[in-house]
Amino acid sequence: MTAPATTPAAPTVHPGGQQSGPFPGHPAAAARFIADVDRAHWHDQALWFVRVKRDRAAAQLPAWERLRDLAQAIKAHALSDLARYLEEFERNATAHGAVVHWARDAEEHNRIVHQLLAERGVTRVVKSKSMLTEECGLNPYLEARGLEVVDTDLGERIVQFRHEPPSHIVLPAIHIKKEEIGELFHDKLGTAAGASDPKYLTEAARGHLREKFLGAQAGLTGVNFAVADTGAVVVCTNEGNADMGTALPPLHIACMGLEKLVPRSEDLGVFLRLLARSATGQPVTTYATHFLGPKPGGELHIVLVDNGRSALSGRDPFRRALSCIRCGACMNTCPVFRRTGGYSYGTTVPGPIGSVLGPTQGPGAHATLPFASTLCGSCADVCPVRIDLHHQLLAWRKELVLGGFAPVGKTLALRLTAWVFASPWRFALAGRLARLALRLLPRGLMATLSGAWGKQRDLPPPPPESFRDLYRRTHGRP
Ligand code: SF4
């Protein structure tokens, strides 16, 4: 099975943007982002603002925790019988006039989409947000074959202008300041120099995109949910761009990962309540459009994509990551993501869920991601489908260290720690030596020996004795 494509390299490097060249691992990529202290700070603040909104929205719904339980159970059930539900979905979608295609991997997905467009002489396609098409590298694939692909979500259009992938799955341009967008739009859309008023810039983007919508021969969307018992696909947007992009041209292509399936239409009520509140703190997404068959005189093609998902579904404990509804809440709350930005992960889906999914695509290239976490568990606390993200990150660390994918220094340090912790007398001796070293060695040397960890931290003054010694002295032998 072909691994999903990683984020394509960007030809131009903008401030705060994705760096070109091979992915250097999370620590090095994060260091670049953090070097811009001001940007790292407001990125952190902006995402925390969204996290707080999410908390408020969740608190307004008394059934919130019950909904999370239900969502977890529905997803677990759907994934346990995925083949049957997929066939049921195909039958019902076909009965309503849609054409269902199956793609084993990213290459097959891209080929199918291109063929559908090429056979109909399409030269311009308008696209709403779809992380699946990012994962498959669809835009560069189509552009290399002469098609114009216009991302119509405002944030996505901004990063497309900058030749960058999204840095966040819900807020694709969250790493860019409004002043930088003003400069970009001045260059691309001819807005007034120095203008950075969001309303003015949004109006300009709306006018620009209106032209693109009117001249497109096909609309391409992602899929938030597909319903097995009806054959419908549901697409959620806040800007209405998926609706505009599919209402005008005759051809609609909807691309979805296999895991987007829910068994019954009643299940949607659970997920639609959870999705918008978890993603942005809104009570509901502005547009949640249900497509049941093509519009009169039009065509609806649904491309079902595996691209590693079946393999993941047979892999404990990581199979639960397939329940993800891509709300982005785990990113907004993660202290590492907030401070280091989406491009520090080198994957289409970043953050805690990306750090679980990344190594499934190739442990070597993504070995640093599961270590980019404090394991505080905040991601699991906010996840609307209760994915045990921090436990999965810990499980990955074990696999990576045992598989020889972790850096040699880290592997040796962990093995040494395990050896010390396995014996009471070795543990006591190590404590004595550490207290002695902290007393005798210069602070600068200790910071150097602590590696990256010691760069921004002061080691505490050493205690005169261990807790065990203290207890023995004050209480007698334990
Ligand atoms: S793992 Fe959970 S919190 Fe993170 S994006 Fe997926 S559904 Fe949302």
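Computed from a prediction, not measured in an experiment: that's the story for all the values here.

### Notes on the site of the ligand
Then step 1. Not every one of the 13 residues close to the ligand is listed here, only the nearest: Cys-324, Cys-327, Gly-328, Cys-330 and Cys-383.
Then step 2. Per-class residue counts for the shell around the ligand are eleven nonpolar, one polar and one charged.

### Structural notes on helix 10 (residues 198-214)
Then step 1. Under the 1.5 Å per step criterion, the end-to-end length of helix 10 is 24 Å for 17 residues, consistent within 8% with the ideal 24 Å.
Then step 2. Looking only at helix 10, the buried set comprises Leu-201, Ala-205, His-208, Leu-209, Lys-212 and Phe-213. Buried positions in helix 10, seen along its axis, are confined to an arc of 145° and lie on one side of it. Exposed residues lying more than 90 degrees from the buried face of helix 10 are Lys-199, Glu-211 and Leu-214.

### Overview of unusual backbone geometry
Then step 1. Across the junction of Asp-316 and Pro-317, the peptide omega takes the value 0°, indicating a cis bond.
Then step 2. When you line up the elements, Pro-317 lands in the loop between helix 13 (309-313) and helix 14 (329-333).
Then step 3. Positive phi outside glycine occurs at Leu-375, with the angle close to 60°.
Then step 4. Locating Leu-375 in the fold gives a position in the loop between helix 16 (351-361) and helix 17 (378-382).
Then step 5. Judged by its relative accessible area of 27%, Leu-375 falls in the partly exposed class.
Then step 6. The phi angle at Arg-386 is positive, at roughly 55°, despite the residue not being glycine.
Then step 7. Its place among the elements puts Arg-386 in the loop between helix 17 and helix 18 (389-402).
Then step 8. Residue Arg-386 is classed as partly exposed on the basis of its relative accessible area, which comes to 22%.

### What to know about a nonpolar patch on the surface
Then step 1. Together, Leu-436, Leu-440, Leu-441, Leu-445 and Leu-449 make up an exposed nonpolar region whose accessible area comes to about 480 Å².
Then step 2. In this structure, Leu-436 sits in helix 20 (residues 424-440).
Then step 3. Taking relative accessible area as the criterion, Leu-436 reaches 41% and is therefore assigned partly exposed.

### With respect to the sheet that holds strand 7 (residues 251-257)
Then step 1. Taken in spatial order, the six strands make up an open sheet running 1-10-7-4-2-3, and their pairing is parallel. Single-partner strands in this sheet number two, and they are strand 1 (99-103) and strand 3 (148-151). Neighbour to neighbour, the strand axes of the sheet diverge by 20° on average, direction disregarded.
Then step 2. Looking at chain direction, strand 2 (residues 124-127) and strand 3 are connected through four bridges and run parallel. If you follow Val-126 over to strand 3, its bridge partner there is Val-150.

### A few points about the pattern of salt bridges
Then step 1. Tallying each qualifying case throughout the model produces 30 salt bridges.
Then step 2. Note that Glu-180 is salt-bridged to Arg-39, the shortest N-O span being 2.6 Å. Pair noted here: Glu-180 is in helix 9 (residues 178-189) and Arg-39 is in helix 2 (residues 37-59), with a separation of 141 residues, a long-range link.
Then step 3. Assessed through its relative accessible area of 2%, Arg-39 is described here as buried.
Then step 4. Through salt bridges with shared partners, a single ionic network connects Glu-65, Arg-68, Asp-69 and Arg-386.

### What about helix 18?
Then step 1. Between its first and last C-alpha, helix 18 extends 20 Å over 14 residues, near the 20 Å set by a 1.5 Å rise per residue.
Then step 2. When helix 18 is considered as a whole, its buried residues turn out to be Leu-389, His-390, Gln-392, Leu-393, Trp-396, Arg-397, Leu-400 and Val-401.
Then step 3. Looking at the packing, one finds that the buried side of helix 18 touches helix 14, helix 16, helix 17 and helix 19 (408-421).
Then step 4. Gly-404, located one to two residues past helix 18, shows a positive phi value of around 75°.

### A short note on the packing of aromatic side chains
Then step 1. Here the structure, examined in full by the defined rule, presents six aromatic pairs.
Then step 2. Seen from their ring centres, Phe-225 and Phe-271 are 5.6 Å apart, and the 35° between their planes marks the pair as tilted. Of this pair, Phe-225 sits in strand 5 (residues 225-227) while Phe-271 sits in helix 12 (residues 267-280); the two residues are 46 residues apart in sequence, bridging distant segments of the chain. Phe-271 matches Phe-225 in its accessibility class, with the two residues each being buried.
Then step 3. The interplanar angle of 15° and the centroid separation of 4.4 Å between the aromatic rings of Phe-318 and Trp-396 together place this pair among those described as stacked. Of this pair, Phe-318 sits in the loop between helix 13 and helix 14 while Trp-396 is found in helix 18, placing the two residues 78 residues apart along the sequence.
Then step 4. Lying across the ring of Tyr-85, Arg-84 places its NZ or CZ 4.6 Å from the centre.
Then step 5. Taking the ring centre of Tyr-141 as reference, the NZ or CZ of Arg-145 above it sits at 3.6 Å.

### Digging into the nonpolar core
Then step 1. Counting 78 residues, the largest nonpolar core has Phe-89, Phe-225, Met-256, Leu-261, Phe-271, Ile-302 and Ile-353 as its most contacted members.
Then step 2. Ranked by residue count, the leading element in this core is helix 12, at seven residues.
Then step 3. Apart from the residues within four sequence positions on either side, Ile-302 is in contact with Phe-89, Ala-93, Ala-98, Val-99, Val-100, His-101, Val-233, Ala-254 and Met-256.
Then step 4. In this structure, Leu-132, Cys-136, Ala-218 and Cys-255 belong to the second largest nonpolar core, which totals 22 residues.

### Topic: the packing of helix 9 against helix 10
Then step 1. It is at 11 Å that the axes of helix 9 and helix 10 come closest, and there the two elements cross at 35°. Here helix 9 and helix 10 pass one another in a crossing that is left-handed. Packed against helix 9, whose contacting residues are Lys-178, Ile-181, Gly-182, Phe-185 and Leu-189, the element helix 10 presents Pro-198, Leu-201, Ala-204, Ala-205 and His-208 at the interface.

### Regarding the side chain of Asn-139
Then step 1. Mapped onto the secondary structure, Asn-139 falls in helix 7 (residues 138-143).
Then step 2. Since its relative accessible area comes to 11%, Asn-139 is described here as buried.
Then step 3. When sequence neighbours within four positions are dropped, the list of residues in contact with Asn-139 reads Lys-127, Val-149, Asp-151 and Gln-160.

Conventions we followed
Every chain begins its residue count from 1, and numbering advances along the sequence as written. Note on the predicted model: pLDDT of at least 70 is required for a residue's local features to be given, and 80 or more for side-chain atom pairs to be given and counted; whole-chain, interface and lining totals, by contrast, use all residues. With hydrogens and water stripped out, all remaining heavy atoms of the structure feed into the side-chain values. Residues are classed as near a molecule or strand on a simple rule: at least one heavy atom within 4 Å of it. As a working rule, the residues Ala, Val, Leu, Ile, Met, Phe, Trp, Tyr, Cys and Pro are called nonpolar, Asp, Glu, Lys and Arg charged, and the rest polar, with Gly in that last group. Numbering goes from the N terminus for both helices and strands, where a helix is a DSSP run of H or I of at least four residues and a strand is a run of E of at least two. Expected span, for any helix, means 1.5 Å times one less than how many residues it has. Three exposure classes are used, based on accessible area relative to the maximum for each residue type with a 1.4 Å probe and protein chains only: buried under 20%, partly exposed in between, and exposed over 50%. In this description, one arc is meant: the one made by directions from the helix axis to the C-beta atoms. For patch building, the residue pool is restricted to those with more than 30% relative accessible area and no salt bridge; the joining distance is 9 Å between like charges and 5 Å between nonpolar side chains (Val, Leu, Ile, Met, Phe, Trp, Tyr). Each accessible area is a Shrake-Rupley result for a 1.4 Å probe, and residues are judged covered by the shown protein chains and nothing else. Basic side-chain nitrogens of Lys or Arg form a salt bridge, by our definition, when they fall within 4 Å of a carboxyl oxygen of Asp or Glu. Pairing between strands requires that DSSP locate at least two bridges from one strand to the other. Axis definition: a line fitted to C-alpha atoms, over the contacting stretch in the case of helices. Angles run 0 to 180 degrees between N-to-C directions. We call two residues contacting when some pair of their heavy atoms lies within 4.5 Å. In this analysis, rings of Phe, Tyr and Trp, with Trp reduced to its six-membered ring, are considered paired at centre separations within 6.5 Å, and the interplanar angle assigns stacked below 30 degrees, edge-to-face beyond 60, and tilted for intermediate values. Any Lys NZ or Arg CZ found within 6 Å of a ring centre and within 35 degrees of that ring's normal is scored as a charge over the ring. Residues belong to one nonpolar core when they are buried, are Ala, Val, Leu, Ile, Met, Phe, Trp, Tyr or Cys, and are joined through side-chain atoms within 4.5 Å. It is the rotation of the near helix from the far one that decides the hand of a crossing: anticlockwise by less than a right angle makes it left-handed, clockwise makes it right-handed.

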